[in-house]
Amino acid sequence: MEHIRTTKVEQVKLLDRFSTSNKSLTGTLYLTATHLLFIDSHQKETWILHHHIALVEKLALTTSGCPLVIQCKNFRIVHFIVPRERDCHDIYNSLLQLSKQAKYEDLYAFSYNPKQNDSERLRGWQLIDLAEEYKRMGVPNSNWQLSDANREYKICETYPRELYVPRIASKPIIVGSSKFRSKGRFPVLSYYHEHKEAAICRCSQPLSGFSARCLEDEHLLQAISKANPVNRYMYVMDTRPKHRMQSWWATQKDIGRIIVRISSKIWNDEKIRESDEKKRLNAMANRAAGKGYENEDNYSNIRFQFVGIENIHVMRSSLQKLLEVNGTKGLSVSDFYSGLESSGWLRHIKAVMDAAIFLAKAITVESASVLVHCSDGWDRTSQVCSLGSLLLDSYYRTIKGFMVLIEKDWISFGHKFSERCGHLDGDPKEVSPVFTQFLECVWHLTEQFPQAFEFNEAFLLQIHEHIHSCQFGNFLGNCQKEREELKLKEKTYSLWPFLLDDQKKYLNPLYTSKSPKFTVLEPNTVSFNFKFWRNMYHQFDRTLHPRQSVFNIITNMNEQNKQLEKDIKDLESKIKQCKNKPTDGILTKELIHSVHPESPTLKTSLCFKEQTLLPVNHALRTIEGSNPADNRYSEYAEEFSKSEPGVVSLEYGVARMTC
Amino acid sequence: MEFAELIKTPRVDNVVLHRPFYPAVEGTLCLTGHHLILSSRQDNTEELWLLHSNIDAIDKRFVGPLGTIIIKCKDFRIIQLDIPGMEECLNIASSIETSEWRLSYVNKEFAVCPSYPPIVIVPKSIDDEALRKVATFRHGGRFPVLSYYHKKNGMVIMRSGQPLTGTNGRRCKEDEKLINATLRAGKRGYIIDTRSLNVAQQARAKGGGFEQEAHYPQWRRIHKSIERYHILQESLIKLVEACNDQTHNMDRWLSKLEASNWLTHIKEILTTACLAAQCIDREGASILIHGTEGTDSTLQVTSLAQIILEPRSRTIRGFEALIEREWLQAGHPFQQRCAQSAYCNSKQKWESPVFLLFLDCVWQILRQFPCSFEFNENFLIMLFEHAYASQFGTFLGNNESERCKLKLQQKTMSLWSWVNRPSELSKFTNPLFEANNLVIWPSVAPQSLQLWEGIFLRWNRSSKYLDEAYEEMVNIIEYNKELQAKVNILRRQLAELETEDEMQESP
């Protein structure tokens, strides 16, 4: 609280983000320890969690006050005008402090209290059990076993304690391989396809910069290929773009040649042995040793594949460009599409999707195991492994299964959530929307396969909300070891039970659960299938959304159908009773009243005129009629903006949970 | 036109009548050919019989769903009717309102305007002689006629061809009079010219032009540029080409989609239509719309504005009527525009996907208001197909005059007679439809507009999963109806049993 100077400012204006006519709402701004709250004159509340704030800007003073622009990580952008500059300055400074915490313990999760006792909290954390998940996949089995090599995080700090490896891979092989792999991230099992007996494995890049080789690593890969009784050939997928690796490789070879030449010179020439030249050469050699890919000559039964996903820096600036484009006022169609193109965002999404499809095909068509890696094996590798598993296994397309998938391939395998989401005041170059891209790929799949997923778009948006919210412990820290040190399970709550409790909101009404476990999704990745995800990047810009939601209507109707089925059963049994006891009038009367004549779900129905449904329908529809002034049809807006009826007040249900 | 033809709602129940010296009476309101009658349907209560010809003026007011009509009679009496339901109230009001409009048969032999139908609606105060004079001042003889009457506030959309002012600023007193006759006292109107100011100015050199403000002081002119002719055709060709090439990488696809400009045209048209609707509904101002001929962009705007403003045009019959009125009768030259499509290299100047763009715009609104249309996407696709190639006579010819000469009514079948058969209609009905009596304002931001996959990607990607999902949705809705019906039956049964019991209890 020491950062808060002003807790309340009145007569603050909230500008419409896209309005060209400076349309605004006036209200009061409150600053709390965790949220910034704006309540407008219609009593509509806008809550902004401090941790969601990506950027606060104080613009030059204007005649109407001091503008304060806040960009959030969930893509909300708000533009306030604070009447007095001093207030604006106070709020600005407070937000700067509050949005960038230096230590984990100051994050919201450590103070958030949903009023649960310790055992409830613990049960929440136990909801997702990865050992259970590996059992579901069918491991351990005759080919795969649980390794205790990393039980004390001795081999790899960023891996979980429990890792599954081929049964024939001995501990020395594992240790040897881990020394050859960047950050010790040696090849381990990510997903086992019981039906095809093929595995998805993951690791980091080999440190083969100087055409060095590592027999243990070669053995471990051989063990993986032998663990597949159907197909001895395995794929090694390097998810990085080939051109980048090749140009890098070329320079490495050159450097290598130079080093060899110069070092022989060094050894021959005593005079320059201690010189700066040698230091520089060492640095070059070190750098060279830090990157690489497997040399096919050294590994048998391997097919090598590059799939071309760009690195975190390219992705970060791509998203930045995308947001610049779609945030433009009065955007033309032409600028929108050329901006979409030049941002490269959809190209990157397609690259991730193509990689996952390649992976899934290797398993389903060839029954081949696949080893996936990028550089460190926690960004692109997580994207490709998790998306590939999702294509292969329908369990991951359920609400619970999707949580398991994130828990396994992202959280436990050390995707650096805190760095990528910028939870703490840290290196901005570590921030990157890698996980957002994964969610977007899943969204594209839900668009192509509307019946394949148990969950809906709101579920994806809610998860995205919480990777940044720091309200729950799941996404804090960068790896399991760090999370244990932070004692997150004792001090914070897990997100998943809260989502499960609320799962009605996240159900896809069109989902068909009957499909068998191994129904493989084969998405079409012709470019025209990729669309801009409006509901993600404009989640809070309601004026850009469709005015009526088919999804809501069908969801409500599904709910209503369940209630009606129940009503029919009740009524039938009551009629039966009634007929059996024709004289017992009093009882019957009571029974009739206990069958709610208008069940609550009926009242909230959106469709079909039936008895009392009508008035409610119209109330709901009225909101959807919306307001022409929100749409900016013309530059004549000033002339057309006389007195307007109440502004459309629809808050997207999804965003509310953080409140 | 007989008065009886104007009666849309002949009877309304639960109407409350207020009049001097009497207590308020609730009863049933009836409209007959000559009288407005209110009866409480009880003996000994006096009924109200009011001659239509006694009505001097009426006012309408709305508070929520309750409408009030205040009738001011020629004998100075003032009475008030409270009518539940906005729709009913508007229907009653428009039936008894003394109309400022009349049907004109001036074009009976297609002599005044070859591209107009024989009957048009014009201001009552303008006689046929004046219309003939105005026709000589407007492109193609297309003098201003009524396109749409907004019942809620009596504002209108008129459409016409461009005025033939030429370089020396010709004017036509009858034209000015005609247009002004559509304005209420003290009101101003808007002229929406679908060309940019530049293009409109250049048109003067060829004898065309636009309304000079000096001569039309009660009107404010707005220029909103909508492309026409070969520019649209080229746009279509580029778009189809881009969609057909599946090998495009992402950058190439996006740049081809952008370069086709198709969605830019969609945005232009929708924006102008929304602007027109805004003038009518929000500004309470009448508008006149024209471009050059008044047969292309003009019709896109007038028809889309009606989709936005008028709930009836979002029903199947209403939409059919809209196409009949605003496209076929209004003289959109289908024969010329739809002779060829995207694959033909002939590139005739008059080929242009004007109608397809209109359908695409409707689809965009349908996507944003998926429950407010009685028809579904298939209906729009079917219309697109028949506009370009059809076994029916409906879209043949370029205007009514040509259709008459071709004796299409005698020699061919009407598309509508086929479409309106129940077996066909079921394919085109939107299961989510629920009448929405409001004006619907779509978003025209680029982020809200989408490529119409049902048309442009139809033969390029399988829609199997989408179709299955649609079917599942229909199933859920059908099941819901079934359950509701069943619950109602059971409730009735139970209630009957209950009353039986009560009867038995109290002998």
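Residues numbered from 1 in each chain as written. Chains lettered and ligands numbered in written order. Predicted model: local features only at pLDDT ≥ 70, side-chain atom pairs only at ≥ 80, totals over all residues. Heavy atoms only, no water.

Concerning the overall build of chain A
- Helix and strand counts for chain A stand at 24 helices and 14 strands.
- Here chain A holds 659 residues, and 57% of them are scored as buried. (Helix = DSSP H or I, 4+ residues; strand = E, 2+ residues; numbered from the N terminus. Buried < 20%, exposed > 50% of the residue type's maximum accessible area, 1.4 Å probe, protein only.)

Details of the overall build of chain B
- The helix and strand inventory of chain B stands at 19 helices and 14 strands.
- Referenced to the eigenvectors of the C-alpha coordinate spread, the extents of chain B come out at roughly 90 × 60 × 45 Å.
- When the 507 residues of chain B are sorted by exposure, 56% land in the buried category.
- Across chain B, the fraction of contacts at a sequence separation of at least 24, relative to all contacts at a separation of at least 6, is 68%.
- When the accessible surface of chain B is split by element, carbon and sulfur atoms take 53% of a total near 21,700 Å². (Contact = heavy atoms within 4.5 Å. Areas by Shrake-Rupley, 256 points an atom, 1.4 Å probe, with all protein chains shown as cover.)

Quick word on helix α9 (residues 297-309) of chain B
- Taking 1.5 Å of rise per residue, the 13 residues of α9 of chain B would be expected to cover 18 Å, and the 18 Å separating its terminal C-alpha atoms lies within 8% of that figure.
- Taking burial as the measure, the 13 residues of α9 of chain B include 13 buried ones, the bulk of the element. (Expected span 1.5 Å × (residues − 1).)

Concerning the sheet that holds strand β7 (residues 77-82) of chain A
All names here are of chain A.
- Taken in spatial order, the seven strands line up as β4-β3-β2-β1-β7-β6-β5 in an open sheet, and their pairing is antiparallel. Edge positions in the open sheet fall to β4 (45-49) and β5 (53-58), since each of these has one partner strand only. Direction aside, the axes of adjacent strands within the sheet are offset by 30 degrees on average.
- Bridge count for strand β1 (residues 8-15) against strand β2 (residues 24-31) is six bridges, and the pairing is antiparallel. Each bridged residue has a counterpart across the sheet, and for K8 the counterpart in β2 is Y30.
- Across the sheet, helix α1 (residues 85-99) touches β1, β2, β3 (35-40), β5, β6 (66-72) and β7, and the angle it forms with β5 is around 155 degrees. (Pairing = 2+ DSSP bridges. Axes fitted to C-alpha atoms, helices over the stretch in contact; angles between N-to-C directions.)

Considering the state of the cysteines
- Inspection of every chain in the model, using the stated rule, returns zero disulfides over all chains.
- The closest cysteine sulfur to the non-disulfide-bonded C214 of chain A is located on C203 of chain A, 12 Å from its own sulfur.
- Counting only cysteine sulfurs, C404 of chain B is the nearest neighbor of C113 of chain B, a cysteine outside any disulfide, at a range of 14 Å. (Disulfide = S-S within 2.5 Å.)

A few points about the environment of Q480 of chain A
- Inspection of the secondary structure assignment puts Q480 of chain A in helix α16 (residues 480-485).
- Setting aside chain neighbours within four positions, we find Q480 of chain A in contact with Y153, P160, I411 and S412 of chain A.

Thoughts on the UniProt feature "coiled-coil region" (unreviewed entry) in chain B
- The sites that UniProt annotates as "coiled-coil region" (unreviewed entry) are residues 466-500 of chain B.
- The distance from the first to the last C-alpha atom of residues 466-500 of chain B is 51 Å, and the span holds 100% helix and 0% strand. (UniProt positions renumbered as here; feature names shortened; annotations may be inferred.)

Topic: the sheet that holds strand β14 (residues 287-290) of chain B
All names here are of chain B.
- Pairing is mixed in the open sheet, where five strands are placed in the order β10-β11-β14-β12-β13. Each edge of the open sheet is held by one strand with a lone partner, namely β10 (145-150) and β13 (219-223). Direction aside, the axes of adjacent strands within the sheet are offset by 20 degrees on average.
- As defined by bridge partners, β10 adjoins strand β11 (residues 155-159) across five bridges and the pair is classed as antiparallel.

Thoughts on unusual backbone geometry
Residues and elements named next belong to chain A.
- Along the chain, V139 connects to P140 via a cis peptide bond; the corresponding omega equals -5 degrees.
- Here P140 is to be found in the loop between α3 (130-137) and β8 (144-147).
- Its identity is not glycine, yet Q43 carries a phi of approximately 65 degrees, on the positive side.
- Note on placement: Q43 falls in the loop between β3 and β4.
- Its relative accessible area of 59% is what places Q43 among the exposed residues.
- With phi around 70 degrees, F75 is a residue other than glycine that occupies positive phi space.

Things to note about the packing of helix α6 (residues 230-244) of chain B against helix α7 (residues 250-260) of chain B
Residues and elements named next belong to chain B.
- It is the contact of α6 with α7, at a shortest axis distance of 8 Å, that shows an interaxial angle of 165 degrees. Between α6 and α7, the interaxial angle falls into the category roughly antiparallel. Crossing angle aside, the handedness with which α6 passes α7 is left-handed. Here S235, K238, L239, E241, A242 and C243 of α6 come into contact with α7, specifically with W253, K256, L257, A259 and S260. (Parallel < 35°, antiparallel > 145°, perpendicular 65-115°, else oblique. Left-handed = near helix turned anticlockwise from the far one by under 90°.)

Observations regarding the packing of helix α14 (residues 434-448) of chain A against helix α15 (residues 457-469) of chain A
All names here are of chain A.
- Where α14 contacts α15, the axes come no closer than 10 Å and their chain directions differ by 175 degrees. Classified by the interaxial angle, the pair formed by α14 and α15 is roughly antiparallel. Of α15, the residues touching α14 (which contributes F435, T436, L439, V442 and W443) are E457, L460, I463, H464 and I467.
- Taken together, the residues of the contact of α14 with α15 sort by class into seven nonpolar, two polar and one charged. (Nonpolar A, V, L, I, M, F, W, Y, C, P; charged D, E, K, R; others polar.)

Examining the packing of aromatic side chains
Residue and element names in this part refer to chain A.
- In total, this model carries 52 aromatic pairs over all chains according to the counting rule given.
- Pairing F75 with Y537 gives two aromatic rings, centres 4.8 Å apart and planes at 55 degrees, and the pair type is tilted. One end of the pair, F75, is in the loop between β6 and β7; the other, Y537, is in helix α19 (residues 534-537), and 462 residues separate them in sequence.
- Classification of F75 by relative accessible area gives buried; the value is 8%.
- Geometrically, the ring pair formed by W410 and F438 is tilted, given 5.2 Å between the ring centres and 40 degrees between the ring planes. Of this pair, W410 sits in helix α12 (residues 399-412) while F438 sits in helix α14, and the two are 28 residues apart along the sequence. Of the two residues, W410 and F438, neither departs from the other in class, the shared state being buried.
- Cluster of aromatic residues (ring-pair linked, three or more members): F402, W410, F417, F435, F438, F453, F455, F459, F475, W496 and Y506.
- Just above the ring of Y493 sits the side chain of R121; from NZ or CZ to the centre is 4.3 Å. (Phe/Tyr/Trp six-rings, centres within 6.5 Å; stacked < 30°, edge-to-face > 60°. Lys NZ or Arg CZ within 6 Å of the ring centre and 35° of its normal.)

Some points on helix α10 (residues 316-329) of chain B
Residue and element names in this part refer to chain B.
- With 14 residues, α10 should cover 20 Å at 1.5 Å per step; its first-to-last C-alpha distance of 18 Å lies within 8% of that length.
- Among all positions of α10, only I316, G318, F319, E320, L322, I323, E326, W327 and L328 are buried.
- Looking at where α10 begins, the residue whose side-chain oxygen comes 3.0 Å from the main-chain nitrogen of G318 is T315.
- Immediately beyond the C-terminal end of α10, within one or two residues, lies G331, with a positive phi of roughly 85 degrees. (Polar contact = N/O pair within 3.5 Å; in protein donor to acceptor, adjacent residues only side chain to side chain.)

What about the pattern of salt bridges?
- One pass over the structure, following the stated rule, counts 56 salt bridges over all chains.
- In this structure, E132 of chain A engages K135 of chain A in a salt bridge whose closest nitrogen and oxygen atoms are separated by 3.8 Å. Of this pair, E132 of chain A and K135 of chain A both sit in helix α3, three residues apart, which is roughly one turn of that helix.
- The partly exposed category is assigned to E132 of chain A, whose relative accessible area is 43%.
- Of the residues examined, K135 of chain A reaches a relative accessible area of 55% and is grouped as exposed.
- R11 of chain B is the salt-bridge partner of D13 of chain B, the closest N and O atoms lying 3.9 Å from each other.
- The exposure class assigned to D13 of chain B is partly exposed, which follows from its relative accessible area of 35%.
- Using a relative accessible area of 47% as the deciding quantity, one classes R11 of chain B as partly exposed.
- A single network of salt bridges, built from pairs that share partners, joins D379, K416, E419, R420 and E430 of chain A. (Salt bridge = Lys/Arg side-chain N within 4 Å of Asp/Glu carboxyl O.)

Overview of the nonpolar core
- By size, the foremost hydrophobic cluster in this structure holds 216 residues, and its most contacted members are F402 of chain A together with F319 and F456 of chain B.
- Take this core: its biggest share by element is 13 residues, from helix α10 (residues 345-366) of chain A.
- Ignoring anything within four residues of it in the chain, the contact list for F456 of chain B reads L236, L239, V240, C243, W262, L356, D360 and L451 of chain B.
- Counting 26 residues, the second-largest nonpolar core is a separate cluster that includes Y116, I126, F143 and L183 of chain B. (Core = buried A, V, L, I, M, F, W, Y, C linked by side-chain atoms within 4.5 Å.)

A short note on the confidence of the model for chain B
- When pLDDT is averaged across chain B, the result is 91; 97% of the residues are at 70 or more.
- Reported confidence for the predicted complex is 0.86 by ipTM and 0.86 by pTM. (pLDDT = per-residue confidence, 0-100.)

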